[in-house]
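Structural description and commentary
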Amino acid sequence: MTANVLILNGPNLNRLGTREPDIYGTASFADLVSLCTNEAQALGLIADVRQSNDEAELIGWLHEAADALTPVIFNPAAFTHYSYALRDACALISAPLIEVHLSNPAAREEFRQTSVISGVADGVIAGFGIESYRLALQAIFRMTSV
Ligand code: DQA
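Right, let's walk through the structure included here. (Residues numbered from 1 in each chain as written. Predicted model: local features only at pLDDT ≥ 70, side-chain atom pairs only at ≥ 80, totals over all residues. Heavy atoms only, no water.)

1. Some thoughts on helix α5 (residues 131-144)
If you check α5, its first and last C-alpha atoms are 20 Å apart, about what 14 residues at 1.5 Å a residue would give, namely 20 Å. Among the residues of α5, those classed as buried are Ser132, Tyr133, Ala136, Leu137 and Ile140. Buried residues along α5 cover an arc of 135° about the axis, so they all sit on one side. Of the surrounding elements, those touching the buried residues of α5 are β1 (5-9), α2 (29-42), β3 (72-75), β4 (97-101) and β5 (123-126). (Helix = DSSP H or I, 4+ residues; strand = E, 2+ residues; numbered from the N terminus. Expected span 1.5 Å × (residues − 1). Buried < 20%, exposed > 50% of the residue type's maximum accessible area, 1.4 Å probe, protein only. Arc of directions from axis to C-beta. Contact = heavy atoms within 4.5 Å.)

See below:
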């Protein structure tokens, strides 16, 4: 069945669980996929969760969402702070687009306090660990059900 929400994750998020657990928590990427799949199912949605370390692959997936009018939950990871190419791809999306982060970048190093994505997102959810994704799915559900 066609996904009705695409959940995209950028570089290094495949290392969740062992990557700086004091900042990103101990849940693995597999745990993140389970949370998203289960929460989507509870809301009557179908989630397709993907991760890539490659900017070009992420751009291709955003184009796919733009063409299919699919809502997107996007954690661009470090690309958040400098990828104008990803920002431009996000600007093509007409369905809801929520930017998510596990940590709260606004409370971290100065370079993380800029997001080039936020200006083309409908909203941003950050700082709740993998629960940020649950909140984003709930937001997508509310934004897409009349
Ligand atoms: C992150 C925050 C980014 O600054 C960082 O580069 C990441 C993860 C987060 O989810 O907290 O890789 O997007």
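2. Here's the deal with the pairing of strand β2 (residues 47-51)
Where a strand is regular, its side chains alternate between the two sheet faces. In terms of burial, β2 is a largely internal element, 4 of the 5 residues being buried. Note that β1 and β2 share 5 bridges and pair parallel. When the sheet's bridge partners are listed, Val5 is paired in β2 with Ala47. (Pairing = 2+ DSSP bridges.)

3. Things to note about the packing of aromatic side chains
Per the counting criterion, the structure on display carries 1 aromatic pair. Between Phe79 and Tyr82, the ring centres sit 5.9 Å apart and the planes meet at 65°, which makes this aromatic pair edge-to-face. (Phe/Tyr/Trp six-rings, centres within 6.5 Å; stacked < 30°, edge-to-face > 60°.)

4. Some thoughts on the nonpolar core
One finds Val5, Ile7, Cys36, Ile73, Tyr133 and Leu137 to be the most contacted residues of the largest nonpolar core, which totals 26 residues. When contributions to this core are tallied by element, the ones reaching two or more residues are β1, α2, β2, β4 and α5. The element that contributes the greatest number of residues to this core is α2, accounting for 5 residues. In this structure, Leu137 is in contact with Val5, Ile7, Cys36, Glu39, Ala40, Leu43, Leu45 and Ile73, ignoring residues within four places of it in sequence. (Core = buried A, V, L, I, M, F, W, Y, C linked by side-chain atoms within 4.5 Å.)

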